[in-house]
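Okay, here's what each chain looks like letter by letter:
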Amino acid sequence: MAADSRGKYLFKNTFIFTIGSLATKLITFVLVPLYTHMMTTQEYGSVDLITTIGMILAPVLILNIGESVMRFSLDKNADHNQIMSTGMLALIFALLAGALIIPVSKLFSSISGYSLYIYLYTISSAASQLFLCYLRGKEKLLLYTYGNIINTLCVALLNILFLVVLKSGIEGYLKAYILANFITAAYAFSVGKVPEVIKHFSINKNLTVAMLKYSIVLVPNVFMWWIMNSADRIIITAVMGAAANGIFAISYKIPSLMSTVAGIFNQAWAYSAIRENESEDKESYTNNVYSAFFMVISLSALGMMMILKPFLKIYVNQAYYTAWEYSPYLIIGFVFQTLGTFLSTPYTVNKDSKGFLFSAVFGAVVNIVLNFLLVFRFGLAGVAAATGASYLAVFLYRARDTKKYIHVDVFNKKYIMIFILMVVQAAVMYWENAVGQILLVVLFLLGAALQYKTWKPMAFQLYRKLAALKRK
């Protein structure tokens with residue numbers, strides 16, 4: 001693919017995903033003060049635990065078939081009708097098997113009163129994600145983006161209705177997400193023309209087996225990522241209580257903004273990587289893209305640590321302010337998580353779901369071991385450190401394992417120097433004086449200076465394009 005056309009293709013897809021992601025995250029971002037003012041730390045910790053459980057149950061019940069629907073739909077001469085027929089079969093299975101959630105949930109006192117909500121949240125999430133993945137697989141990316149925006153707008157409006165107007169508390173929060181998921185599923189079902197699939201329902205046995213082989217291996221992969229991302233919430237709730245989990249949930253939300261930036265790009269990059277798989281210069285092209293990606297992620301992390309404390313003072317209720325103490329571990333961890341996601345693209349290109357699984361297992365084991373070693377001694381700081389370390393473990397595993405497909409130079413001197421800067425900046429965050437805040441700014445500027453050769457040509461190219469638009 002020509003350099004110009006490959007760049008336009010990547011930029012177009014990145015721009016489309018950016019529209020949806022920025023709109024949805026902006027609305028979500030605005031909702032956090034609403035949650036922290038309308039719910040106590042204990043209530044927020046409880047709803048966070050319930051939604052965390054639903055997040056892992058959804059892909060398990062539906063056998064993570066959405067990922068197969070998306071990936072197999074991108075193949076040349078893909079039969080979308082047969083692919084989605086397999087997806088619908090998995091959804092029916094989820095609806096029936098998911099009924100077991102209700103009696104099982106009632107066995108646990110902390111969530112027994114919300115068993116029906118957990119079932120509905122899980123099924124609505126599974127359905128919306130399946131139909132949205134179908135849109136992605138057919139490269140109807142604008143429609144996919146609209147679906148994400150619709151979901152977030154519904155969450156916002158319904159939360160205002162249930163939390164502010166009706167003051168329904170935890171139940172209102174859960175109702176808002178469940179209804180938003182069903183509305184999104186209905187939208188994607190309609191615009192994706194799934195009724196036509198149902199009308200011409202056709203199961204290709206060989207295709208179904210191939211899709212299930214790919215997706216089922218990703219189920220334990222999802223579970224391993226759930227351990228790294230969310231199982232610590234259960235440990236925190238059990239050891240320190242729901243209030244502590246509410247504070248940790250806020251410290252987690254701040255660096256997760258970085259995942260938004262990464263998620264936007266990595267979704268677009270997956271399409272380009274599949275197209276570039278046969279290119280002679282795919283390795284040099286991939287390294288150039290990684291360098292630009294690293295620059296954006298690292299400067300986001302350095303900038304986040306620079307402004308975090310003053311920002312939280314005005315962003316959340318005072319009861320949540322201590323969340324900043326645990327964010328440095330998570331911010332650095334999220335850098336490695338996002339870079340590790342970039343490195344996982346060869347697994348998607350080559351349909352290597354085992355690569356996803358083994359790297360996630362490695363990270364999950366690190367997370368579990370460190371959680372039990374650190375949580376009782378260091379509390380929330382120990383949990384945050386364990387999470388960050390598990391993301392680093394996955395990054396290191398994938399950096400080595402994906403060399404069998406393509407070599408990405410992730411350990412050159414520039415990258416290592418930036419990593420050191422992040423660690424130093426994280427340490428300086430704990431200086432409670434003006435000197436510390438000044439140093440945070442200096443370290444950010446130093447990080448930008450070290451990557452001058454990366455962002456300068458990008459800035460110059462952007463300037464030329466803007467100037468050309470003005471002349472028109």
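A short tour of the structure in this document, coming up.

1. Some remarks on the overall build of the protein
Secondary structure assignment for the protein yields 19 helices and zero strands. Counting all 472 residues of the protein, 54% fall into the buried class. Here the protein displays about 21200 Å² of accessible surface, and carbon together with sulfur accounts for 68% of that area.

2. Topic: unusual backbone geometry
One non-glycine residue with positive phi stands out, namely Leu 63, at about 60°. Mapped onto the elements of the fold, Leu 63 is located in the loop between helix 2 (41-61) and helix 3 (65-73). Judged by its relative accessible area of 24%, Leu 63 falls in the partly exposed class. A positive phi is found at Asn 64, a non-glycine position, where the angle reads about 55°. Looking at the element boundaries, Asn 64 is found in the loop between helix 2 and helix 3. Given a relative accessible area of 11%, Asn 64 falls into the buried group.

3. Some words on the packing of helix 2 against helix 6 (residues 115-137)
Where helix 2 meets helix 6, the axes come as close as 8 Å, and the angle between the chain directions of the two elements is 50°. With respect to helix 6, the axis of helix 2 lies oblique. Like other packed secondary-structure pairs, helix 2 and helix 6 cross with a definite hand, here right-handed. From helix 2, Ile 50, Thr 51, Ile 53, Gly 54, Met 55, Leu 57, Ala 58 and Leu 61 reach across to helix 6, where they touch Ile 118, Tyr 121, Thr 122, Ile 123, Ser 125 and Ala 126.

4. What about the packing of aromatic side chains?
Here the structure, examined in full by the defined rule, presents 15 aromatic pairs. Relative to Phe 411, the ring of Phe 395 has its centre 6.2 Å away and its plane inclined at 75°; by these criteria the two rings are edge-to-face. Highlighted residues: Phe 395 in helix 16 (residues 380-401) and Phe 411 in the loop between helix 16 and helix 17 (413-428), separated in sequence by 16 residues. Looking at Phe 395, the relative accessible area reads 1%, which means it is buried. Grouped by ring-pair contacts, the aromatic residues Tyr 290, Phe 293, Phe 294, Phe 336, Phe 342, Phe 395, Phe 411, Tyr 415 and Phe 419 constitute a single cluster. Above the face of the Tyr 144 ring, Arg 136 is positioned so that its terminal group lies 5.6 Å from the ring centre. Across the ring face of Phe 72, the terminal group of Lys 351 is positioned such that the distance to the ring centre comes to 4.2 Å.

5. A few points about the packing of helix 13 (residues 327-343) against helix 17
Direction vectors running N to C along helix 13 and helix 17 enclose 160°, while the axes themselves pass 9 Å from each other. The angle between the axes of helix 13 and helix 17 places the two elements in the roughly antiparallel class. You can see that helix 13 and helix 17 cross each other, and the crossing is right-handed. The segment helix 13 lies against helix 17, with Pro 328, Ile 332, Val 335, Phe 336 and Leu 339 engaging Phe 419, Met 422, Val 423 and Ala 426.

6. So, the nonpolar core
Core analysis: the largest hydrophobic core is formed by 128 residues, its most contacted members being Tyr 35, Met 84, Phe 131 and Tyr 290. With 16 residues, the top contributor of residues to this core is helix 12 (residues 282-315). Discounting chain neighbours no more than four positions away, the residues touching Met 84 are Val 69, Leu 130, Phe 131, Tyr 134, Val 194 and Val 197. Counting residues in each nonpolar core, the second largest holds five residues, with Met 70, Leu 74, Cys 133 and Leu 141 among its members.

7. Topic: the pattern of salt bridges
Counted under the stated rule, the structure contains four salt bridges. Among the ionic pairs, Lys 351 bridges to Asp 75, the shortest N-O distance being 2.5 Å. Of this pair, Lys 351 sits in the loop between helix 14 (345-349) and helix 15 (353-378) while Asp 75 sits in the loop between helix 3 and helix 4 (80-97), and the two are 276 residues apart along the sequence. A relative accessible area of 26% places Asp 75 in the partly exposed class. Residue Asp 401 is joined to Lys 404 by a salt bridge in which the shortest nitrogen-to-oxygen separation is 3.4 Å. Because the salt bridges share partners, they merge into one network encompassing Arg 71, Asp 75 and Lys 351.

8. Observations regarding the environment of Leu 31
Positionally, Leu 31 belongs in helix 1 (residues 3-38). Along the backbone, Leu 31 and Val 155 are 124 residues apart, and their C-alpha atoms lie at a distance of 9.3 Å. Excluding anything up to four places from it in sequence, Leu 31 contacts Val 155 and Ala 156.

Cut-offs used in this document
- Residue numbers run consecutively from 1 along every chain, following the written order of its sequence.
- The model is predicted, so local features are restricted to residues of pLDDT at least 70 and side-chain atom pairs to those at 80 or more, both for listing and for counting; the totals for chains, interfaces and linings are taken over all residues.
- Calculated side-chain values reflect all of the structure's heavy atoms, with hydrogen atoms and water omitted.
- Secondary structure is summarised from DSSP: a helix means a run of H or I of at least four residues, a strand means a run of E of at least two, and numbering begins at the N terminus for each.
- Accessible area is worked out with a 1.4 Å probe on protein chains only. A residue is then buried under 20% of its type maximum, exposed over 50%, and partly exposed in between.
- In short, Shrake-Rupley with a 1.4 Å probe defines the accessible areas, and a residue's cover is counted only from the protein chains shown.
- Axes here refer to lines fitted to C-alpha atoms; in helices the fit is confined to the stretch in contact. Angles between the N-to-C directions go from 0 to 180 degrees.
- Oblique is the label for every angle not falling under 35 degrees (roughly parallel), over 145 degrees (roughly antiparallel), or within 65 to 115 degrees (roughly perpendicular).
- A clockwise turn of the near helix away from the far one marks a right-handed crossing, whereas an anticlockwise turn of less than a right angle marks a left-handed crossing.
- Here a residue-residue contact requires only that any non-hydrogen atoms of the pair lie within 4.5 Å.
- Side-chain rings of Phe, Tyr and Trp, where Trp is taken by its six-membered ring, are said to pair if the distance between their centres is within 6.5 Å; with planes under 30 degrees apart they count as stacked, over 60 as edge-to-face, and otherwise as tilted.
- Note on criteria: charge over ring means Lys NZ or Arg CZ within 6 Å of the ring centre, with the direction from the centre no more than 35 degrees off the ring normal.
- Here the nonpolar core consists of buried residues drawn from Ala, Val, Leu, Ile, Met, Phe, Trp, Tyr and Cys, with membership extended through side-chain atoms lying within 4.5 Å.
- Take a side-chain nitrogen of Lys or Arg and a carboxyl oxygen of Asp or Glu: if they are within 4 Å of each other, that pair is a salt bridge.

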